[in-house]
Amino acid sequence: MPTYLGLDSSTQSLTATLIRVDGETREIVGEHSLVFDGSLPHFGTYRGVIRDDDPAMVLAPPLMWVEALDQLMSDICRSWRRELADLAALSGSAQQHGSVYLNSLGLAQLTTLDPLKPAGDQLRPGLSRVLSPVWMDSSTAEECREIEQTVGGGDVMARRTGARATERFTGPQIRAFFKRDPRAYDSTARIHLVSSFLASVLAGADAPIDYGDGSGMNLMDVAARAFWPAAMDATAPRLAEKLLPIAASWTSVGTLSRYWRERYHLPPARVIAWSGDNPCSLIGTGLVAEGALAISLGTSDTVCGVMCEFRSHADGIGYVSASPTGDYMGTTTFMNGSLARERIRDNYGLDWARVSAALASSPPGNRGGLMLPWFDPEITPRVSKTGLHRRNLDPADQVANVRAIVEAQMMAMANHTQWMSADASLVYATGGASGNRAVLQVMADVFGAEVVRPRSGNGAALGAALRAFHGERLAAGHAIEWKDVIRGFTDTDQNARVQPNAEATRMYAQLRKQYAEFENEVLRNLSQ
Ligand code: XUL
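Residues numbered from 1 in each chain as written. Predicted model: local features only at pLDDT ≥ 70, side-chain atom pairs only at ≥ 80, totals over all residues. Heavy atoms only, no water.

Novice: In this structure, what is going on with the overall build of the protein? I would like to understand it.
Specialist: When helices and strands are counted, the protein shows 22 helices and 22 strands. Scaling as 2.2 N^0.38, a compact globule of 528 residues should have a C-alpha radius of gyration of about 24 Å, and the protein matches this with 22 Å. Overall size of the protein, expressed as C-alpha extent along the three principal axes, is 65 × 55 × 45 Å. In the protein, the proportion of contacts linking residues at least 24 apart, taken out of those at least 6 apart, comes to 74%. As presented, the protein carries roughly 19100 Å² of accessible surface, and 49% of it is formed by carbon and sulfur atoms. Measuring between centres, the 50 positive side-chain charges of the protein sit 0 Å from its 58 negative side-chain charges. (Helix = DSSP H or I, 4+ residues; strand = E, 2+ residues; numbered from the N terminus. Rg over C-alpha atoms; globule rule 2.2 N^0.38 Å. Contact = heavy atoms within 4.5 Å. Areas by Shrake-Rupley, 256 points an atom, 1.4 Å probe, with all protein chains shown as cover. Lys, Arg positive; Asp, Glu negative; His and termini not counted. Charge placed at Lys NZ, Arg CZ, Asp CG, Glu CD.)

Novice: Looking at this structure, I do not really get the pattern of salt bridges. What am I missing?
Specialist: Oppositely charged side chains can form a pair if their charged atoms are brought close together. Inspection of the entire model under this criterion finds 30 salt bridges. The closest approach of N and O atoms between R263 and D70, which form a salt bridge, is 3.2 Å. Here R263 is found in helix α14 (residues 258–264), whereas its partner D70 is found in helix α2 (residues 62–79), with 193 residues between them in sequence. The shortest N-O distance in the salt bridge between K117 and D114 comes to 3.7 Å. A single network of salt bridges, built from pairs that share partners, joins E24, E481, K483, D484 and R487. (Salt bridge = Lys/Arg side-chain N within 4 Å of Asp/Glu carboxyl O.)

Novice: Would you mind going over the sheet that holds strand β8 (residues 132–133) with me for this structure?
Specialist: Sheets are built from strands that pair by backbone hydrogen bonding, the pairs being arranged parallel or antiparallel. If you trace the three strands from one edge of the open sheet to the other, you get β4-β5-β8, paired in antiparallel fashion. Two strands lie at the open edges of the sheet, namely β4 (50–51) and β8, each paired on one side alone. In the sheet, strand β5 (residues 58–60) pairs with β8 via two bridges, with the strands oriented antiparallel. Along β8, the bridge assignment pairs A60 with S132. (Pairing = 2+ DSSP bridges.)

Novice: Hey, could you run me through the pairing of strand β17 (residues 319–322) in this one?
Specialist: What you see with β17 is no split at all: Y319 and S321 on one side and V320 and A322 on the other are buried throughout. As judged from the four bridges shared by β17 and strand β18 (residues 328–334), these two strands associate in the antiparallel manner. Counterpart to Y319 in the pairing with β18 is T331. Where β17 folds back on β18, the antiparallel hairpin that results is connected by five residues, among which G326 adopts a positive phi of roughly 105°. (Buried < 20%, exposed > 50% of the residue type's maximum accessible area, 1.4 Å probe, protein only.)

Novice: What's the story with unusual backbone geometry in this structure? I'm lost.
Specialist: Backbone phi values are negative for most residues with the exception of glycine, while trans is the configuration of most peptide bonds. Of the consecutive residues T380 and P381, the connecting peptide bond is found in the cis state with omega at -10°. Of note, the phi angle at R225 is positive, near 55°, even though the residue is not glycine. The topology assignment puts R225 in the loop between β10 (220–221) and β11 (226–227). Positioned with a positive phi, H265 is a non-glycine residue whose angle comes to about 55°. In this structure, H265 sits in the loop between α14 and β13 (270–272). A residue is classified by how much of its surface remains accessible, and H265, at 61% relative accessible area, is exposed.

Novice: Explanation requested: the packing of helix α18 (residues 398–416) against helix α22 (residues 502–527) in the structure shown.
Specialist: Two numbers describe a pair of packed helices, the interaxial angle and the distance between the axes. Taken N-terminus to C-terminus, the directions of α18 and α22 make an angle of 90°; their axes are 10 Å apart at the nearest point. If you check the angle between α18 and α22, you find them roughly perpendicular. Between α18, through R403, E407, A408, M411, A412, A414, N415 and H416, and α22, the contact on the second element is made entirely by Y508, L511, R512, Y515, A516 and E519. Tallied by class, residues from the contact of α18 with α22 come to eight nonpolar, two polar and four charged. (Axes fitted to C-alpha atoms, helices over the stretch in contact; angles between N-to-C directions. Parallel < 35°, antiparallel > 145°, perpendicular 65-115°, else oblique. Nonpolar A, V, L, I, M, F, W, Y, C, P; charged D, E, K, R; others polar.)

Novice: Is there a simple way to explain the nonpolar core in this structure?
Specialist: The nonpolar side chains of a soluble globular protein tend to be buried, and buried together. Ranked by size, the top nonpolar core spans 82 residues in total, and within it L219, L243, M410, M443 and F447 carry the most contacts. If one sorts the elements of this core by residue count, α18 sits on top with eleven residues. Each of domain 1 (3–279) and domain 2 (287–453 + 498–528) accounts for three or more of the residues forming this core. Ignoring anything within four residues of it in the chain, the contact list for L219 reads T161, G171, I174, F227, W228, A231, M232, T235, L239 and L243. (Core = buried A, V, L, I, M, F, W, Y, C linked by side-chain atoms within 4.5 Å. Domains from an automatic or database assignment.)

Novice: What am I meant to see in the site of the ligand here?
Specialist: Lining the immediate environment of the ligand, one finds Q95, Q96, H97, W135, R168, D277, N278, S300, T302, Y319 and T333. Between the ligand and H97 there is a distance of 2.6 Å, counted from an oxygen atom to a side-chain nitrogen or oxygen. Between the ligand and Y319 there is a distance of 3.1 Å, counted from an oxygen atom to a side-chain nitrogen or oxygen. In isolation the ligand exposes 290 Å². Once the protein is present, 97% of that is buried. (Near = heavy atom within 4 Å. Polar contact = N/O pair within 3.5 Å; in protein donor to acceptor, adjacent residues only side chain to side chain.)

Novice: For this particular structure, what's the right way to read helix α16 (residues 338–347)?
Specialist: An α-helix turns once every 3.6 residues. As a result, residues three or four positions apart point the same way. Taking burial as the measure, the ten residues of α16 include seven buried ones, the bulk of the element. Residues of α16 that are buried include every one of S338, L339, A340, R341, E342, I344 and R345, and no others. In the core, the buried residues of α16 are packed alongside β4, β15 (293–297), β16 (301–307), α17 (352–360), β19 (370–374) and α18. With its phi angle positive at about 60°, G349 sits one or two positions after the end of α16.

Novice: Any chance you could explain the state of the cysteines here in plain terms?
Specialist: A covalent bond between the sulfur atoms of two cysteines is what we call a disulfide. Evaluated as defined, the whole model comprises zero disulfides. Among the cysteines around C304, which has no disulfide bond, C280 carries the closest sulfur, lying 11 Å off. Judged by its relative accessible area of 3%, C304 is buried. (Disulfide = S-S within 2.5 Å.)

Novice: Got a minute to help me understand the domain arrangement of the protein in this structure?
Specialist: The assigned domain composition of the protein is domain 1 (3–279) and domain 2 (287–453 + 498–528). Using only C-alpha atoms to locate each centre, domain 1 and domain 2 end up separated by 28 Å. If you look at the interface, domain 1 gives 34 residues, while domain 2 gives 31 residues. Of all residues in domain 1, W135, R168 and N278 bury the most surface against domain 2, accounting for 21% of the area lost on that side. If you look at where domain 1 meets domain 2, you find three salt bridges. Taking the shortest distance from any N to any O, the salt bridge between R382 and E167 comes out at 3.4 Å. (Buried area = accessible area lost by both parts, 1.4 Å probe.)

Here is the structure:
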């Protein structure tokens, strides 16, 4: 019975989800994860990244992602040997915006990896940049201004590429690389996203960027689903030569290369183009039509929704992508997600059980106590001066501070995503903290929406596996609708449905206004 593999290369870990599909049989065979810091300590990352003295610079070693792929393949080939013998196709999901820079040697090596030596060792001399900027990097404000000016302003940029020039997006990051290290830029033969780089490593080919992840570059004309020449020219010289044309998300980029087949005795399974983690999560949560939101509580907290028509965010903080389903999708990202929740938990010496108890024992609305948890430079709203701000909140009161961070995150998400779907009555919650019912209750009350949790823990890896299935069917000449792709996989966990409390929702409607005022006041002070 054919199996399909989905891989999710996120900020902190690599996860595999294997599914089996045959007629009405649809099941998840298993999930397996590897955490970068613990499994590959020689890269010296902390939570998957390397930070510079400048808090705006956040990088990661691309070879770590390659070594992780090798290690994970070795693990899953031992645990799922029989099922992987029937592997028909695989695809992947990767943290968005990050870029990988290959010289001409690296481009050649991708196609000739020797199965007897680790891929990471072979690719090392093929990189023209040892550390890749990732989505947490916010060091490119100057480049954003320059690019916007050249293309005719932020509104023009947002209408074409789905977002104003944004610090973490790949175009401004490429421009910063070109300005900071022009020789290394010159020696770059190919620029990949994390997604297209890992697809290339698997297929032993130069795989294209798909239009789901390509939308996060400030380089793609979202409606035309192709690179926009004006943005390319404004970003860096000879950029078009260093990028492959954008491809549809279901493009088949080849089959597993000799490296993977011989090293791990895998069949010549089809490799479908990888995409970004948010586009993949949308599919993995089953959100393939407009009217609901998906909230992922991960390293970043991210709110996504399907859009049938292109609608851009007035302030350009949230952005619009071409969705891998063929529609559009909106994404709004909050930097201070799980790391901020962990900071508060650790500051008060708590564990997750005591965090839940604190939420359960405190009243919705927190007696007016508010918090702005900007430990890292925040993406939504844009904040470069980090800091924790409190109003009506005693720093010594641990229960109130626990409630304050969860309410702050939910109110910020609800307030800043009105442009995507003002009246969503259903929210799909995924990611680590979605396992906490008390957190989901605050989410339901603040959004005034029913919150459900998909049965599979990792929406991005499942989404990638489902995209592998969809891409393989199309390549075999069998058109298949998205609702038939996700059927049987994205059912929600009936024990984890959380209903909003109408009284709490009315209270939060008022508190959200106070929260927005507090946020504006602090932003004004910070800009003085
Ligand atoms: C999306 C974003 C993050 C990363 C995290 O715009 O920056 O959600 O994709 O992996």
